[in-house]
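What follows is the residue order along each chain.
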Amino acid sequence: MDALIPFTTSGSLVDCVDKKMVVMLRDGRKLIGVLRSYDQFANLVLEDSVERIHHGAHFADIPRGVFLIRGENVVLLGEVDLDLEDTVPLIPVTLQAVIPIHLEDLEARRRRDAQKAKILYEQHGFCREGGEGDGY
Amino acid sequence: MADVPSQGVQEPFDLIRLSLSERVFVKLRGDRQLTGVLHAYDGHMNLIMSDVEETIMIVEPVEGAPEGEGIVRAVKRNLDMLFVRGDGVILVSPPSRT
Amino acid sequence: MLIFSVFKTLTDQEVTVELKNDLCIKGTLKSVDQFLNIRLDAIQVLDEARHPHMMAVKNCFIRGSVVRYVQLPTSAVDTQLLEDATRREAMNQNKR
């Protein structure tokens, strides 16, 4: 009986279509755009999308356009609450201001992770993560 | 093969089956390990455990030390009832029966 | 299928999902599918300062493959039932 009910991703995302969504990707990027389509693998079509770069309370957007995102790269899909969005204590800044700091953040993180992985691999038998270094 | 559902370990999952309702040790990706009472598992090695103690390994850099050195510190956390996704499991070790 | 069934019995309960990128999200379990993709409502992100992009998000879809743990409400889980169901499923697998 239960098996007859379709429990697919398709069912659960209907109400998100045509809404403003934030998508987290496995490499840590955040995309914001309007969800236009999806399927059972969580492949997504995002329209009018921007990539948002955060540093602390500051953020900036890079216009990206239309994306079809392959499902396996999706971590999370969140519906942006338009009322809540206006009250969030985040400060828009220019891309030029945030990108250099963001690149520094990424590089510092990469170095820290690599060092940690090396020590734990050698001393405690934990595995190093795959080439992307993202633990997925 | 296993019409006799009872004893013996014929395949890997039998070892986990025989550990049901016992305290097991689980090593995970992401520098973590767990001990807890095993209540359920499936073919993906998804687990449901209770009374879990998680140990996370953290590496703290040492001031002035050369790169590639650091102090390894274990941080512990207790969780009542936990689902563990199978793709993160490195190994499951049954309770030691002495 | 067993674990999927367990999650189905937990719909409308409060759970905490921990992702492999260390993001922890508490919320009401709205739905789950056979890949263990999860829909959460009324979410609350732990350590929100580290995840500012989640501040304006109230409900979300989490891809099953990125989940590390789900913390379940102990009272909603019958451990004896789970163990029996697990043994039964293991037997059926062996017969095949």
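A brief structural summary. (Residues numbered from 1 in each chain as written. Chains lettered and ligands numbered in written order. Predicted model: local features only at pLDDT ≥ 70, side-chain atom pairs only at ≥ 80, totals over all residues. Heavy atoms only, no water.)

Overview of the overall build of chain B
In terms of helices and strands, chain B carries one helix and five strands. Along chain B, helices (α) and strands (β) appear in the sequence α-β-β-β-β-β when read from the amino end. The burial tally for chain B puts 43% of its 98 residues in the buried class. Of all intrachain contacts in chain B linking residues separated by at least 6 positions in sequence, the fraction that spans at least 24 positions is 47%. As displayed, chain B offers around 5100 Å² of accessible surface, 52% of which is attributable to carbon and sulfur atoms. (Helix = DSSP H or I, 4+ residues; strand = E, 2+ residues; numbered from the N terminus. Buried < 20%, exposed > 50% of the residue type's maximum accessible area, 1.4 Å probe, protein only. Contact = heavy atoms within 4.5 Å. Areas by Shrake-Rupley, 256 points an atom, 1.4 Å probe, with all protein chains shown as cover.)

So, helix α1 (residues 2-9) of chain C
All of the buried residues along α1 of chain C are Leu2, Ile3, Phe4, Val6 and Phe7 of chain C. Packing partners of the buried residues in α1 of chain C comprise β2 (32-41), β3 (47-61) and β4 (70-84) of chain B together with β2 (24-32), β5 (67-71) and α2 (79-95) of chain C.

Digging into the packing of aromatic side chains
A complete count under the given rule lists two aromatic pairs over all chains for this structure. Between phenylalanine 13 of chain B and tyrosine 41 of chain B, the ring centres sit 6.0 Å apart and the planes meet at 10°, which makes this aromatic pair stacked. A residue pair is termed long-range when its members are at least 10 positions apart, and phenylalanine 13 of chain B in helix α1 (residues 12-17) and tyrosine 41 of chain B in strand β2 qualify at 28 residues. Overall, phenylalanine 13 of chain B belongs to the partly exposed group, its relative accessible area being 23%. For the pair phenylalanine 83 of chain B and phenylalanine 7 of chain C, a centre-to-centre distance of 4.9 Å together with 85° between the ring planes defines the contact as edge-to-face. Of this pair, phenylalanine 83 of chain B sits in strand β4 while phenylalanine 7 of chain C sits in helix α1, placing the two residues on different chains. The residues phenylalanine 83 of chain B and phenylalanine 7 of chain C share a single accessibility class, namely buried. (Phe/Tyr/Trp six-rings, centres within 6.5 Å; stacked < 30°, edge-to-face > 60°.)

Some points on the pairing of strand β1 (residues 23-28) of chain B
Residue and element names in this part refer to chain B. Here β1 runs beside β2; their pairing, made up of six bridges, is antiparallel. Looking at the pairing, phenylalanine 25 lines up with threonine 35 of β2. Joining the antiparallel neighbours β1 and β2 is a turn of three residues, in which glycine 30 adopts a positive phi near 80°. Note: β1 against strand β5 (residues 89-93), four bridges, orientation antiparallel. Paired with lysine 27 across the bridge in β5 is leucine 91. (Pairing = 2+ DSSP bridges.)

Observations concerning the pattern of salt bridges
As enumerated under the stated definition, the model contains 31 salt bridges over all chains in all. When the shortest N-O distance is used, the salt bridge between glutamate 18 of chain C and arginine 32 of chain B registers 3.3 Å. Placement of the pair is glutamate 18 of chain C in strand β1 (residues 14-19) and arginine 32 of chain B in strand β2, with the two residues belonging to separate chains. The exposure class of glutamate 18 of chain C is buried, given its relative accessible area of 4%. One salt bridge connects aspartate 87 of chain B with arginine 85 of chain B, and the closest N-O pair in it is separated by 3.3 Å. Look at aspartate 87 of chain B and you get partly exposed, because its relative accessible area is 39%. Overall, arginine 85 of chain B belongs to the buried group, its relative accessible area being 16%. In the salt-bridge network here, residues are joined through shared partners; they are Arg32, Glu54 and Arg77 of chain B together with Glu18, Asp22 and Arg68 of chain C. (Salt bridge = Lys/Arg side-chain N within 4 Å of Asp/Glu carboxyl O.)

Structural notes on the interface of chain C and chain B
Every contact between the two is made by 29 residues of chain C and, on the other side, 28 residues of chain B. Both faces combined, the contact of chain C with chain B buries some 2500 Å², and carbon together with sulfur accounts for 59% of it. Its largest share of buried area at the contact with chain B, chain C owes to Ile3, Tyr69 and Asn94 of chain C, together 25% of the area lost on that side. For aspartate 22 of chain C, the salt bridge goes to arginine 32 of chain B, with nearest N and O atoms at 3.0 Å. Counting the contacts that link chain C with chain B gives 10 residue pairs in polar contact (both at pLDDT 80 or more). Every element with two or more residues in the side of chain C that touches chain B is listed here: α1, β5 and α2 of chain C. Broken down by element, the side of chain C that touches chain B gets its largest block of residues, 10 residues, from α2 of chain C. Of the residues in the side of chain C that touches chain B, the class split is 14 nonpolar, seven polar and eight charged. Summarising the sheet, β4 of chain B and β5 of chain C pair through three bridges and their orientation is antiparallel. Looking across to β5 of chain C, one finds that valine 84 of chain B is bridged to tyrosine 69 of chain C. (Buried area = accessible area lost by both parts, 1.4 Å probe. Polar contact = N/O pair within 3.5 Å; in protein donor to acceptor, adjacent residues only side chain to side chain. Nonpolar A, V, L, I, M, F, W, Y, C, P; charged D, E, K, R; others polar.)

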